[in-house]
Amino acid sequence: MAAKNTITVEQYRSAIRRPEIQTKTLIGLGLNKLHRRRVLEDTPAVRGMINSIPHLVRIVDEADKA
């Protein structure tokens, strides 16, 4: 079985006073508080969510496990 690529994402800005869709995107990524980190599978869907809110999250680590 092939190992999957992962990406670590951290929320570094608050979702207060942001449109509701951006707050829901954060929740979809598993982020809802400042400085939380999540290790997610590196898929086009996850990349699209990250690219829609680059002012709220940052990529901490891109680990290739292949």
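Residues numbered from 1 in each chain as written. Predicted model: local features only at pLDDT ≥ 70, side-chain atom pairs only at ≥ 80, totals over all residues. Heavy atoms only, no water.

S.K.: How do you make sense of the pattern of salt bridges when you look at a structure like this?
M.R.: Side-chain pairs of opposite charge can arise where the charged atoms are in close proximity. For the structure on display, the rule yields four salt bridges. The closest approach of N and O atoms between Asp 42 and Arg 47, which form a salt bridge, is 2.8 Å. The class for Asp 42 is partly exposed, based on a relative accessible area of 29%. With a relative accessible area of 24%, Arg 47 lands in the partly exposed category. In this structure, a network of salt bridges that share partners links the residues Glu 10, Arg 37 and Arg 58. (Salt bridge = Lys/Arg side-chain N within 4 Å of Asp/Glu carboxyl O. Buried < 20%, exposed > 50% of the residue type's maximum accessible area, 1.4 Å probe, protein only.)

S.K.: For this particular structure, what's the right way to read the pairing of strand S1 (residues 6-11)?
M.R.: A large share of S1 lies buried, amounting to six of its six residues. What you see with S1 is no split at all: Thr 6, Thr 8 and Glu 10 on one side and Ile 7, Val 9 and Gln 11 on the other are buried throughout. Across five bridges, S1 lies against strand S2 (residues 37-41) in antiparallel orientation. When the bridges of S2 are listed, Glu 10 appears paired with Arg 37. (Helix = DSSP H or I, 4+ residues; strand = E, 2+ residues; numbered from the N terminus. Pairing = 2+ DSSP bridges.)

S.K.: Any chance you could explain helix H1 (residues 20-28) here in plain terms?
M.R.: Given 3.6 residues per turn, any residue in an α-helix points the same way as the ones three and four places further on. When H1 is considered as a whole, its buried residues turn out to be Gln 22, Thr 25 and Leu 26. Projection of H1 onto a plane perpendicular to its axis shows the buried side chains occupying an angular sector of 100°, all on one side. Across from the buried face of H1, at angles greater than 90 degrees, the exposed residues are Glu 20, Ile 21, Ile 27 and Gly 28. Just downstream of H1, Gly 30 is the residue with a positive phi angle, here 85°. (Arc of directions from axis to C-beta.)

S.K.: Would you mind showing me how to read the nonpolar core here?
M.R.: As a rule of thumb, nonpolar side chains are buried together in soluble globular proteins. Ile 7, Val 9, Leu 26, Leu 29, Leu 31, Leu 40, Val 46, Ile 50, Ile 53, Leu 56 and Val 57 form the largest nonpolar core, which has 11 residues in total. Sorting the residues of this core by element identifies S1 and helix H2 (44-52) as the ones contributing at least two each. Every residue in contact with Ile 50, bar those within four places of it in the chain, is listed here: Ile 7, Val 9, Leu 29, Val 57 and Ile 59. (Core = buried A, V, L, I, M, F, W, Y, C linked by side-chain atoms within 4.5 Å. Contact = heavy atoms within 4.5 Å.)

Function cannot be read off these values alone, since they describe shape.
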